[in-house]
Structures are given as structure tokens and as C-alpha cells.
Amino acid sequence: MCSIIGYKGKDFAAPILVNSLKRMEYRGYDSVGVATLDEGKLLVRKGTGKVAEVNNKLDMSHMSGHIGIGHTRWATHGGVTDKNAHPHAAGDNKIAVVHNGIIENYKELKAELIKEGYIFASETDSEVIAHLLHRYYIETESIKQSLIKTCKRLQGAYAFVAVFQDGTIGGARYEEPLIIGVAKEGYFVSSDVLGFLEHTDKAIFLDNGDITIVDNDKVEIFDFEGNPVNRPITQVAWELGDIDKGKYAHHTLKEIDEQKLSIIRAYNQEEEKIDEFCKILSAAKNVYIVGSGTSYHSALVAKHVLGRYAKIRVEAIMSSESKYILSSLDKDSVVIAISQSGETADVLDSVRLAKNQGTKILSIVNVTTSSLARMSDSFLGTNSGPEIGVAATKSFTAQLIIIYSIADKLSEGKLGLDKEKLIHAVDRMLSNKSTVERLAQELKNHKDLYILGRFLHYPIALEGALKVKELAYVHAEGIAAGELKHGPLALMEKNTVVMILNPHDSTFNDTISNAHEIKARGATVVGISDSKEDVYDYWIPIPALSEEALYPIVEVIPLQLLAYYLAVGKNVDPDYPRNLAKSVTVR
Ligand code: G6P
């Protein structure tokens, strides 16, 4: 997934754009580019690498001009090369474009444009937008018409920003986010509020099918037919402090640490919103929960918790699989979508599929201005603040808190959500990181890691393994403890490392037997538990909790920390793992 930004205002554009791109780098980061306009001349600098590297090499932030666009790329069509980096220019540098999304019909468009004599400089799908804009601008002599006609030709998902030689900035959105920042010194057009939060907290969220023109200190918004569209200016709730690393070496560690506060913020929901959510949920005949990556692991926890405490039978489905599964829904079904960003393409696809069948949509989402929040009949915000590290951490535990709050409400308190005790337990886990840090040192050269857990702990085993893969590039597998004997036991031998999620709850006795079976095969056993057992070679203590449903929140923390310290120990950047993006807005 890419990030796009445009700026037009009183200040020099390039340093602002470079800084905005750094803020949004979590979205995708294999190449970077900036185009500015100075006295009618379009300047473009772009190359492969992270924003800081490319800026050092090309000195983008010293480009002149008060108008410009910028881009960080996460390659989909065309390799990671300087030429494929955005912006893409057209018409002898009269127009430049940055794009996020995928143009599905780019091959036909490209063939058509080549026939007309257009020369393509890149292998990307995005470049067709630049040439189309140019073609329609020549034909109509109107920037507005060129934007409209271009949008009508594009199929797929896109948000793009274009700069025209006369100083106009134009943009459009279809299935990808695009937000206008309204600052005193100028306007921004960005994929994310983080692109302009340093300058303004006033934002206009464009909707699908909106086109915008920023010209002569005003913003115009219209639809694909050219009709004016009114979108309100909203105040963004996040503060600048939320997006800075502060004293931390990495966002990931800061966000892991923030969990002592973010779980409290997740608790703080408006009573009426929870009531509305629960009312829709309890009226449903069939309930499906969808999510991707970490949010899917929350869905797995939700399935167990809602089933056991609220007696609501739920099916948890990976969003990417939902098109094969959610084909016969109805008005009595409910789909709960869980997502940090609210922009993951697979999640939005599941929601659209369900909505088209008349199904009600509930969501648990961090970005409450996201597409998902807006598509939902009712949503609960996790209130985690911006999560910059690509690997989800604080948003996961916040999702769990909301799931627990719902289950507790629907079961009239059976879950036993003891807020104070849980906060205290999370605090304890975070105030002593040295055990995990030492363990990471010991395990740093291991190529494989297995994490075992039963029932509620199985999704945490999967989540821990995902963190280790993402951050430290170590092969890791989450295993349902009871399934050990059906296959994974064959892998147990000297040098195998198995982490066991083993608190004193209904799963303890069975899981401790697994620990012995593993140990008997010569493998190393790491116990994450509230009691020290002889079978453990290493012990990561967790506090004892009175209600077993709450253990997942506490036991995921050492796994997040382990993944973080493994990455640091291997000298790889935990904030920006290779090949990954924070929110994947392509299919
Ligand atoms: C990407 C991220 C994951 C995240 C997943 C779902 O793959 O790298 O960390 O869990 O998307 O994101 P969402 O925003 O929908 O929760």
C-alpha cells in the first residue's frame, strides 16, 4: 500500500512533503518520490529506498516551489526500481501524478494510449492516470473535465493526486482513502491524516467517487458528473504527540508500552454505543466475525468468548476467505468486522459482500473516520490512537478489551471483567522486560520457533508467531496444543524451541502434559505461566488472574516483546518489516 500527499500553500512544499512522507512511511516504503512546481516548471526526484535514504541521496527536501506532490511506494505492478517510483509525469512534464491502489484495466488503457503516441516510462499501472489526464486536458482544456473523464475510464481502486503545470492540485478517490487537510498556510491532500497532522487537525474526508481541485486558496469537491458535493470539515481527534517516538528507539516498543494506557482507553466506551452494538448483535440469528492478520486473531478470541460467556455462536472468518464463505447471508445475519485501520481491502470486500445481502455490519475499529466505520450500522472505536509500527500491538489488546466488554455486557457480568486487576497485570508485564530481553538474546540464532496454546490461548499462539515472523523474520508457528500429537510432535528434537502458553486455568493440566511430551523429545520448553514448573527450561512469569478469559491480554505482551527484541538483536528495523505494509488496501 502506498501513501500519497499533495500540498499547495504559502510554505515551501518539498520539506513539508518529505516530512509527511516520513510520517506515512509505515504504509509502504520501497521507493519514494516528490514533484514540485516552480515558476511553471515541474521538477521530479524519485528513487528506491526509505524516505530518509532517498532524501539523503537526492536532496528532495530542497526542491523549490510552493506546490507539490509526494509518494511512498509499496510495489504491486512493476518491480522496485527508480523508474517505477512515483510521481509519474505526462505531456512533457506538464502533469505529474501519485497514486495509491490498483488500476485493474491499465493494460487496455496503456495499449490505447500507446497507439495514440504516448510513451510510458514505467511498468506501473499508475502511469496511465498521468497520460489520461494529459490526453483529456488537451481535449477539453479543462482540468476539471480531465479529472472527470479520467476517473470515468479507471477501473479498480484508487486515490490519486495530480499537480498541473498551472499550479492546480487535483485528486480523486475510489475505494482508497483521500483526505484534505485544511491548514492556515495551505491545503493538503493525503492518504492519511498523519500526512498533515503537524500542520492542522482540520480535515475533510472525501467519499468514494469524490474529485477535488485545490486552486487559488479554495477547495472544490464534485462527483464524477461534475456536480458539487458538500463534505464537512471535521476535527481530527489525534494529537501530534501520539505520532512521535519520543524517548523510544522504535514506534513498536513505544506502542507495546502504551498498552497500559490504551487498554484503559478501550474500556472507555459510551454506554449508548455499546448498548446499540449489543442490541444488534443479540438480535442476530447468525454471527460472523471477519478480520485480517492480527485482527483475525482477535476474531478467534471473540468466537470463544462470545460462545462461552454470551452463548452466541459465532463463526470467525479470515477476510480474504470470506468471498468463498459468506455467499448466503440474510437480514437476520450480522457481520462483525475487526480492523485497526478500517481500510484493509479484504475486510472492506467482506463487508460489501455482506451489506449487499442486507446483512447488518458491526465493527470494532481504531480509525473511526475510516471506510469501515462509515460502512457500519454501528461501530466501537478502540481508541488506541495512531499505531505506526507495521506490526499491530496496542490495537490488538484494545480489540480484545472491546470484545470482552461486549461479552461481559451480554452475559450480565459472567466474564468477570475486573478492570483494575487487568490494568495492574498489564502494568506488571510491561515494567519488567528484562526476562524477555534475555530470552531473545538466547534465541536470536534459532531458525524456528513454536508457540503452543489451547482454547483462548491458541489465537495468542498464532498472534505471537505472526509477530515473530513479521518483526524478526524467524519462522514461527502457532500450534493448538491438543493437535501436537497429530503431527507437530514429529518436529520435536534437541534444539527445537517451544513456547507454551500455560496459565492456571481450565487448559493447564492438558497443556502441562504437552510440555512433558515435548521435553521428553529433547526440545527446549519456555513456559509463559503464572507458576514455575520443573519442566520449563525458561520461565516467563505472568500474574495470576481470577478470570481465565483475561489471560490472552497479559500473555501476548511477552510474545510482542520477544518479537521486538529478536528483531533488534538481529539488527532489523522492527517498525518497518520488509515487504509488509501497515494496512493492505490491495487484494
Ligand atoms: C496488515 C498488517 C497487520 C494487520 C493486518 C490487518 O497485514 O501488517 O499488522 O494485522 O494488515 O490490518 P487491519 O488494519 O485491518 O487490522
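Quick caveat, the model's predicted, so the values are computed rather than measured.

**Student:** Help me get a handle on the pairing of strand β9 (residues 179-182), residues and values and all.
**Tutor:** Side chains Ile-179 and Gly-181 project from β9 onto one buried face, and the interleaved Ile-180 and Val-182 project onto a second face that is buried too. Of the strand pairs in this sheet, β9 and strand β10 (residues 186-190) are connected by 4 bridges, and their pairing is antiparallel. Within the sheet, the bridge partner assigned to Gly-181 lies in β10 and is Phe-188. In this structure, the hairpin formed by β9 and β10 is closed by a connection of 3 residues. One ladder, built from 3 bridges, connects β9 with strand β11 (residues 202-205); its direction is antiparallel. The residue of β11 that forms the bridge with Gly-181 is Ala-203.

**Student:** Lay out the side chain of Ser-126 in plain terms, naming residues and giving numbers.
**Tutor:** As for its placement among the helices and strands, Ser-126 is situated in the loop between α3 (106-115) and α4 (127-140). In this structure Ser-126 comes out as buried when scored by relative accessible area, which is 4%. In terms of polar contacts, Ser-126 uses its side chain to reach the side chain of Asp-125, at 3.4 Å.

**Student:** Which residues make up the sheet that holds strand β21 (residues 475-480), and what values do they have?
**Tutor:** In spatial order, the strands read β21-β20-β22-β23-β24; together these 5 strands make up an open sheet with parallel pairing. Both outer strands of the open sheet, β21 and β24 (538-541), are each paired with one neighbouring strand and no more. Taken pair by pair, the neighbouring strands of this sheet meet at an average axis angle of 20 degrees, ignoring direction. As judged from the 3 bridges shared by strand β20 (residues 448-453) and strand β22 (residues 497-501), these two strands associate in the parallel manner.

**Student:** Report on helix α17 (residues 508-520), specifying residues and quantitative values.
**Tutor:** Taking 1.5 Å per residue, 13 residues should reach 18 Å; α17 reaches 18 Å between its end C-alpha atoms and fits that length. Of all the positions in α17, only Phe-508, Thr-511, Ile-512, Asn-514, Ala-515 and Ile-518 are classed as buried. Summarising the axial view, the buried residues of α17 lie within an arc of 150 degrees, below the 170-degree limit, and thus occupy one face. α17 presents Asn-509 and Ala-520 as exposed residues on the side facing more than 90 degrees away from its buried surface. Among the structural elements, β20, β22 and β23 (524-529) are those in contact with the buried residues of α17. Of the residues trailing α17, Gly-522 is marked for its positive phi of about 90 degrees.

**Student:** So, the sheet that holds strand β16 (residues 314-318): which residues are in play, and what are the values?
**Tutor:** The pairing of strands in a sheet happens through backbone hydrogen bonds and is either parallel or antiparallel. An order of β16-β15-β17-β18-β19 is seen for the 5 strands of this open sheet, with the pairing classed as parallel. Each of the sheet's edge strands pairs with one partner strand only, and the pair in question is β16 and β19 (378-381). Neighbour-to-neighbour, the strand axes of the sheet open up by a mean angle of 20 degrees, direction not taken into account. Bridging between strand β18 (residues 360-365) and β19 involves 4 bridges; their strand directions are parallel. Note that in β19 the partner of Ser-363 across the bridge is Phe-379. Packed onto the sheet, helix α11 (residues 345-355) meets β15 (286-291), β17 (333-339) and β18 and runs at close to 165 degrees relative to β17.

**Student:** Let's hear about the packing of aromatic side chains: which residues, and what values?
**Tutor:** The geometry of an aromatic ring pair is captured by two quantities: the separation of the ring centres and the angle between the planes. All chains considered together, the criterion is met by 7 aromatic pairs. One aromatic cluster in this structure is built from Tyr-158, Phe-160, Tyr-174 and Phe-224. The ring of Phe-379 is capped by Lys-273, whose NZ or CZ atom sits 3.6 Å from the centre of that ring.

**Student:** Run through the confidence of the model for the chain, naming residues and quoting values.
**Tutor:** Averaged over all residues, the pLDDT of the chain equals 93, while 99% of them reach at least 70. When pLDDT is averaged over each helix and strand of the chain, the minimum, 84, is found for strand β14 (residues 234-235) and the maximum, 98, for helix α5 (residues 143-153).

**Student:** Hey, could you go over the site of the ligand for me, with residue numbers and the actual values?
**Tutor:** In the vicinity of the ligand, 14 residues are found, and the nearest of them are Ser-295, Ser-339, Gln-340, Ser-341 and Thr-344. At 2.6 Å from an oxygen atom of the ligand is found a side-chain nitrogen or oxygen belonging to Ser-339. Within the side chain of Ser-341, an N or O atom sits 2.6 Å from an oxygen atom of the ligand. Broken down by element, the residue count for the shell around the ligand peaks at 3 residues, all from helix α9 (residues 293-309).

**Student:** Which residues make up the nonpolar core, and what values go with them?
**Tutor:** Among the nonpolar cores identified, the biggest contains 88 residues, and Ile-336 and Met-499 are the most heavily contacted of them. Split by domain, this core shows at least three residues from each of two domains, domain 2 (251-417) and domain 3 (433-587). Setting aside its immediate chain neighbours within four residues, Met-499 contacts Leu-439, Leu-449, Tyr-450, Ile-451, Leu-452, Val-526, Ile-528, Ile-540, Leu-559 and Leu-562. With 33 residues, the next largest nonpolar core counts Ala-14, Tyr-29, Val-51 and Val-367 among its residues.

**Student:** Outline the pairing of strand β4 (residues 67-73), listing residues and values.
**Tutor:** Across the 7 residues of β4, 7 count as buried, placing the element largely inside the fold. The alternating pattern of β4 places Ile-67, Ile-69, His-71 and Arg-73 and Gly-68, Gly-70 and Thr-72 on opposite faces, both of which are buried. As defined by bridge partners, strand β1 (residues 3-9) adjoins β4 across 6 bridges and the pair is classed as antiparallel. Within the sheet, the bridge partner assigned to Ser-3 lies in β4 and is Thr-72. Bridge analysis of strand β2 (residues 31-38) against β4 gives 7 bridges, and the strand direction is antiparallel.

**Student:** Let's hear about the packing of helix α8 (residues 271-282) against helix α13 (residues 394-410): which residues, and what values?
**Tutor:** For the pair α8 and α13, the least separation of the axes is 10 Å and the interaxial angle reads 70 degrees. As far as their axial angle goes, α13 and α8 are roughly perpendicular. Note on packing geometry: the crossing formed by α8 with α13 is right-handed. Judged by residue contacts, Glu-271, Ile-274, Asp-275, Phe-277, Cys-278, Leu-281 and Ser-282 of α8 engage Ser-405, Ile-406, Lys-409 and Leu-410 from α13. A breakdown of the residues in the contact of α8 with α13 according to their chemical character gives 6 nonpolar, 2 polar and 3 charged.

**Student:** An account of the environment of Arg-153 is requested, with residue identities and associated values reported.
**Tutor:** Turning to its location among the elements, Arg-153 is positioned in helix α5. Judged by its relative accessible area of 26%, Arg-153 falls in the partly exposed class. For the pair Arg-153 and Tyr-106, spaced 47 residues apart in sequence, the C-alpha separation works out to 9.7 Å. In this structure, Arg-153 is in contact with Asn-105, Leu-109, Glu-112, Leu-132, Arg-135 and Tyr-136, ignoring residues within four places of it in sequence. Side chain to side chain, Arg-153 and Tyr-136 meet in a polar contact 3.1 Å long.

**Student:** Tell me about the domain arrangement of the chain, residues and numbers included.
**Tutor:** What the domain assignment reports for the chain is domain 1 (3-236), domain 2 (251-417) and domain 3 (433-587). Each of domain 2 and domain 3 has a C-alpha centre, and the two are 24 Å apart. Taken together, the contact pairs 39 residues of domain 2 with 36 residues of domain 3. For the domain 2 and domain 3 pair, buried surface summed over both sides reaches about 3,100 Å², with 64% attributable to carbon and sulfur atoms. There are 2 salt bridges connecting domain 2 and domain 3. The salt bridge partner of Lys-433 is Asp-257, with a shortest N-O separation of 2.9 Å. Of all the secondary structure elements, the ones that give two or more residues to the side of domain 2 that touches domain 3 are α6 (251-257), α9, α11 and α13. At 9 residues, the largest contribution of residues to the side of domain 2 that touches domain 3 is made by α9. Of the residues in the side of domain 2 that touches domain 3, the class split is 17 nonpolar, 14 polar and 8 charged.

Conventions used here
- Residues numbered from 1 in each chain as written.
- Predicted model: local features only at pLDDT ≥ 70, side-chain atom pairs only at ≥ 80, totals over all residues.
- Heavy atoms only, no water.
- Buried < 20%, exposed > 50% of the residue type's maximum accessible area, 1.4 Å probe, protein only.
- Helix = DSSP H or I, 4+ residues; strand = E, 2+ residues; numbered from the N terminus.
- Pairing = 2+ DSSP bridges.
- Polar contact = N/O pair within 3.5 Å; in protein donor to acceptor, adjacent residues only side chain to side chain.
- Axes fitted to C-alpha atoms, helices over the stretch in contact; angles between N-to-C directions.
- Expected span 1.5 Å × (residues − 1).
- Arc of directions from axis to C-beta.
- Contact = heavy atoms within 4.5 Å.
- Phe/Tyr/Trp six-rings, centres within 6.5 Å; stacked < 30°, edge-to-face > 60°.
- Lys NZ or Arg CZ within 6 Å of the ring centre and 35° of its normal.
- pLDDT = per-residue confidence, 0-100.
- Near = heavy atom within 4 Å.
- Core = buried A, V, L, I, M, F, W, Y, C linked by side-chain atoms within 4.5 Å.
- Domains from an automatic or database assignment.
- Parallel < 35°, antiparallel > 145°, perpendicular 65-115°, else oblique.
- Left-handed = near helix turned anticlockwise from the far one by under 90°.
- Nonpolar A, V, L, I, M, F, W, Y, C, P; charged D, E, K, R; others polar.
- Buried area = accessible area lost by both parts, 1.4 Å probe.
- Salt bridge = Lys/Arg side-chain N within 4 Å of Asp/Glu carboxyl O.

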